[in-house]
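Okay, here's what each chain looks like letter by letter:
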Amino acid sequence: MRLKIREDKEETARCPFCATLIKAPEEIKTETGGFIGGRCECGAVYVCDPTGHNVGEAYLDALTYACGEDFMTFDSLNAGENYREAVFNYDLRAHKLWEVRDIRRDYSGKIIFIQLGPQ
Ligand SMILES: [Zn+2]
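Residues numbered from 1 in each chain as written. Predicted model: local features only at pLDDT ≥ 70, side-chain atom pairs only at ≥ 80, totals over all residues.

J.: So, the overall build of the chain: which residues are in play, and what are the values?
T.: For the chain, the count of helices and strands is two helices and six strands. Per-residue burial over the chain gives 29% buried out of 119 residues. Here the analysis covers contacts within the chain between residues at least 6 apart in sequence; of these, 50% occur between residues at least 24 apart. (Helix = DSSP H or I, 4+ residues; strand = E, 2+ residues; numbered from the N terminus. Buried ≥ 20, exposed ≤ 12 C-beta atoms within 10 Å, placed from the backbone. Contact = placed C-beta atoms within 7 Å.)

So this is what it looks like as structure tokens:
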């Protein structure tokens, strides 16, 4: 599921689930390395892929982070059933996000939001 924020570019970065302004992502260390991300007030997590080339990896990092690295929870996850996701183009330096028009051709940096919970 892809949520629309607005047709035009947002001036700032907001959480797509609660519309709260999110803090600039920071480096988060994990056992498997680390990623750039953060957590919103509503409990949604976000992971940034500044290159736009490792979206799959960033997506997995986001899911793992959302679960608190609890792999029992991780194994029971189903998109649209017990978590919501949203992907946007993201400019790490400007801390701005905007809608992805074509995920296969759009190689801007990305930000992935995951919010756990029943739908
Ligand atoms: Zn939020």
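We are not done yet, so read on.
J.: Which residues make up the nonpolar core, and what values go with them?
T.: Within the largest apolar cluster, 25 residues are counted, with the highest numbers of intra-cluster contacts made by Y46, V47, A62, I111, I112, F113 and I114. Those elements that place two or more of their residues in this core are β3 (45-49), α1 (55-66), β4 (83-91) and β6 (110-116). Top contributing element to this core by residue count: β4, with five residues. For Y46, the residues in contact, after removing those within four places along its chain, are I22, P25, G37, G38, C40, A62, I111, I112 and F113. (Core = buried A, V, L, I, M, F, W, Y, C linked by C-beta atoms within 7 Å.)

J.: Can you tell me about α1, naming the residues and giving the values?
T.: Here α1 contains twelve residues, and its C-alpha end-to-end distance of 16 Å stays within 8% of the 16 Å for a straight helix at 1.5 Å per residue. The set of residues buried in α1 consists of A58, D61, A62, L63, T64 and A66. Just downstream of α1 lies G68, where phi reads positive at about 65 degrees. (Expected span 1.5 Å × (residues − 1).)

J.: With reference to specific residues and values, describe the pairing of β4.
T.: Here β4 runs beside β6; their pairing, made up of seven bridges, is antiparallel. By the bridge assignment, N89 is partnered in β6 with K110. The turn joining β4 and strand β5 (residues 96-99), which pair antiparallel and follow one another in sequence, is formed by four residues; a positive phi near 55 degrees is taken by H95. (Pairing = 2+ DSSP bridges.)

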